[in-house]
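Report on the structure
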Amino acid sequence: MSEQPIGDRLARRDLRQLPRTDLAGAPVPGTIRLDANENPYEPLAGGRDINRYPEPQPDTLRRRMAGLYGVFPQRLWVTRGSDDAIDLLCRAFLRPGEDRILVVEPTFSAYAQFARIQGAKVDSVRMDGDFAFDAGAVLRAAKDGPAPKLLFLCTPNNPTGTPIAVETVRDIAAALPDTLVVADEAYGEFADAPSLAPDAGNVDNLVVLRTLSKAYGLAGARIGCAIADANVIDWLARVSPPYPLPGPSIAAALGALAPERMPIHRARIADLLAERARLAALLRGVDEVEALYEGGNFLFLTVADPEGLAQRLEAAAVKVRFRPNAAPGGVRVTIGTEAENRALLAVFGITDAAPRRRRASVTRDTAETRIAVAVDLDDPEPKRQISTGIGFFDHMLDQVASHGGFSLTLACTGDTHIDPHHSIEDVALALGAALDKALGDRAGIGRFGFALPMDETRAEVLVDLSGRPYAKFDGSFTTEHLGEFPTEMTPHVFRSLADSMRAAIHVSVEGENDHHKVEGAFKAFGRALRQGLATGASGKGIPSTKGSL
Ligand SMILES: *Cc1c(COP(=O)(O)O)cnc(C)c1O
């Protein structure tokens, strides 16, 4: 009996006859598709191929997500949000009126909801007053009666933020061989703990849920996944509808997970965590806040007078989630943008004195290059992560950001196998556009200049962040290439920057060594930019609240 794979052993017996899903991939290009009763004509809206059914299981996305979570593709099933994965688990494993699940309250309500829709019983263990996770209590409840088919463990937990140690989840799975232990890692990207995803490929009764809704900003696309034993995946596939994932959602997910997007995701997660810590510290000082917990991309707090708070929030048009079942006066607050968080703090009577940070991100995709760039002109600890595919150009942009005193996250996937030209030009345009966007209303910004010597070279750059593009370059080179960087692209880069930043940039370089001349120009540009970006007298560019740009 126990020789059977776990999915076959635990799946609903009445589904045994259900056929396996046919995972036919995308048809070979050029195939004449008269098989699916689709409309043959060009779509009138919604993009190419929307007249066609999507793949039953999108192979490229499945591989990409498997790579992201460090598992084999066969162990991962892409679902319509992780909500759908919860539903599929309930449908495949829960017999109405017979089976039960176990949840640890307070937690995400969808586990109980889908189980009840399936007609199964929902048993729960309650966390203690401080929302600590008690593995002993969970095991006792699991062993009190028939083995629950599914045990849902949300880590970090929604809404309390409570993490469960990975060893604890492993121990629980080992102690409950007849239960599928489902670790919902919807907020895993925001947690310090490692993911259990790799374990789910080895431990047959462990299932891990992930989603692109939270950390990757794709809630509207509805893409998540279950990671599990191959036989469990087989059962999820059997109870899946035939074409569950809309084509545009698959495309959005592939776009968002493209390599050049990843550094920005990481930077944004770090920003949200820093903002979470800042809000937590401020709100802990508020009298009406009784307790406060941090986790995921949210805070969970309890307040003395939830009705009063609800009225003030409504008056300020700020929406949060009240969670009275989780705790009396319980409120879950998502971390928003700086401006949104400021509005929230105001409801709690806190005037947020932190200066506005001038940040922007820009994506630029063409047939030749795909670029994502983010700048933060007021980062107290500027960071740089630059990857254009052209080493020398990375080095130059690093000089610009470091001498400019701003944070720069920039990645480009380009056709450098043909020529670096497209990547260099498009990166300059995208960076300029990001700086332009971050500068916002730049009224009052003036003209700045910087000259620097580098050994025998003298480089001078004048910048006027005027809103009017103009580029002037004085200087010439004799070397054709610096690394893979064509030297002749130097004036071109400043012209592209001037155009997209809407600035006048005058560069003049003289000297003998071309490396010094190019590097000197980029450095001096960074220095001139630093002066231009600074809005206070401090030099580092903390914007004053009055004379802001
Ligand atoms: C948001 C959330 C989900 C659902 O994510 P989708 O992929 O958008 O369906 C799942 N689990 C928890 C704990 C969540 O908070």
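Residues numbered from 1 in each chain as written. Predicted model: local features only at pLDDT ≥ 70, side-chain atom pairs only at ≥ 80, totals over all residues. Heavy atoms only, no water.

Next up on the list: the pattern of salt bridges. Under the defined criterion, the tally for this structure stands at 40 salt bridges. Close ionic contact of E260 with R370 constitutes a salt bridge, the shortest N to O distance being 2.9 Å. Note that E260 is positioned in the loop between α9 (247–256) and α10 (262–284) and R370 in strand β13 (residues 369–376), a separation of 110 residues in sequence. Assessed through its relative accessible area of 2%, E260 is described here as buried. Across the pair R342 and D352 runs a salt bridge, and its minimum N-O distance is 3.8 Å. Linking R342 in helix α12 (residues 338–347) with D352 in the loop between α12 and β12 (359–365), this pair joins segments that are ten residues apart in sequence. The class for R342 is partly exposed, based on a relative accessible area of 29%. Here the salt bridges share partners, and the residues they tie into one network are D271, E338, R357, R359, D376, D379 and K383. (Salt bridge = Lys/Arg side-chain N within 4 Å of Asp/Glu carboxyl O. Helix = DSSP H or I, 4+ residues; strand = E, 2+ residues; numbered from the N terminus. Buried < 20%, exposed > 50% of the residue type's maximum accessible area, 1.4 Å probe, protein only.)

Turning our attention to the layout of surface pockets. Roughly 1100 Å³ of volume is contained in the largest pocket. Lining the largest pocket are 40 residues, with A267, D271, R357, R359 and D376 positioned closest to its centre. Listed by contribution, the elements that provide at least two residues to the lining of the largest pocket are α10, α12, β12, β13, β14 (384–387), β15 (407–414) and α14 (421–439). Sorting elements by how many residues they give to the lining of the largest pocket places α10 first, with eleven residues. A class-by-class count of the residues in the lining of the largest pocket yields 18 nonpolar, six polar and 16 charged. When residues of the lining of the largest pocket are sorted by domain, at least three fall in each of domain 2 (264–347) and domain 3 (359–533). Empty space within the second largest pocket amounts to approximately 920 Å³. Taken together, 36 residues make up the lining of the second largest pocket; nearest its centre are R33, Y53, P54, E55 and P56. Only α2 (59–69) and α9 provide two or more residues apiece to the lining of the second largest pocket. A total of five residues in the lining of the second largest pocket trace back to one element, the largest contributor, which is α9. Across the lining of the second largest pocket, the residue classes tally to 21 nonpolar, seven polar and eight charged. (1 Å grid on protein atoms, 1.4 Å probe; cavity = no way out; pocket = protein on both sides within 12 Å on 5 of 7 lines; lining within 4 Å. Points joined across faces, edges and corners; volume = space filled by probe spheres on them. Nonpolar A, V, L, I, M, F, W, Y, C, P; charged D, E, K, R; others polar. Domains from an automatic or database assignment.)

This part is about the sheet that holds strand β8 (residues 289–295). Read across the sheet, four strands follow the order β8-β9-β11-β10 without closing on themselves; strand pairing throughout is antiparallel. Two strands bound the open sheet, and with one partner strand each, they are β8 and β10 (321–322). Relative to strand β9 (residues 298–303), β8 runs antiparallel, the two being bridged by six bridges. Looking at the pairing, V289 lines up with V303 of β9. Where α10 meets the sheet, its contacts fall on β8 and β9, and the angle it forms with β8 comes to roughly 170°. (Pairing = 2+ DSSP bridges. Contact = heavy atoms within 4.5 Å. Axes fitted to C-alpha atoms, helices over the stretch in contact; angles between N-to-C directions.)

Our focus in this paragraph is the sheet that holds strand β18 (residues 470–474). Pairing in this open sheet of four strands is mixed, and the strands run β16-β17-β21-β18 from one edge to the other. Looking at which strands have only one partner, the edges of the open sheet turn out to be β16 (447–454) and β18. Averaged over all neighbouring strand pairs, the angle between strand axes comes to 5°, with direction disregarded. Here seven bridges tie strand β17 (residues 457–464) to strand β21 (residues 504–510), and the two strands are oriented antiparallel to one another. Opposite R458, over in β21, you have E510 as the bridge partner. Where helix α16 (residues 514–533) meets the sheet, it contacts β16, β17 and β21, and its direction lies at approximately 145° from that of β16.

Looking now at the site of the ligand. Taken together, 14 residues lie near the ligand, and S82, D184, T211, S213 and K214 sit nearest. Take Y187: an N or O atom from its side chain is 2.6 Å from an oxygen atom of the ligand. Between an oxygen atom of the ligand and a side-chain N or O atom of K214, the distance comes to 3.1 Å. Bound to the protein, the ligand loses 94% of the 390 Å² it would expose on its own. Here the residues of the shell around the ligand are counted per class, giving five nonpolar, five polar and four charged. (Near = heavy atom within 4 Å. Polar contact = N/O pair within 3.5 Å; in protein donor to acceptor, adjacent residues only side chain to side chain. Areas by Shrake-Rupley, 256 points an atom, 1.4 Å probe, with all protein chains shown as cover.)

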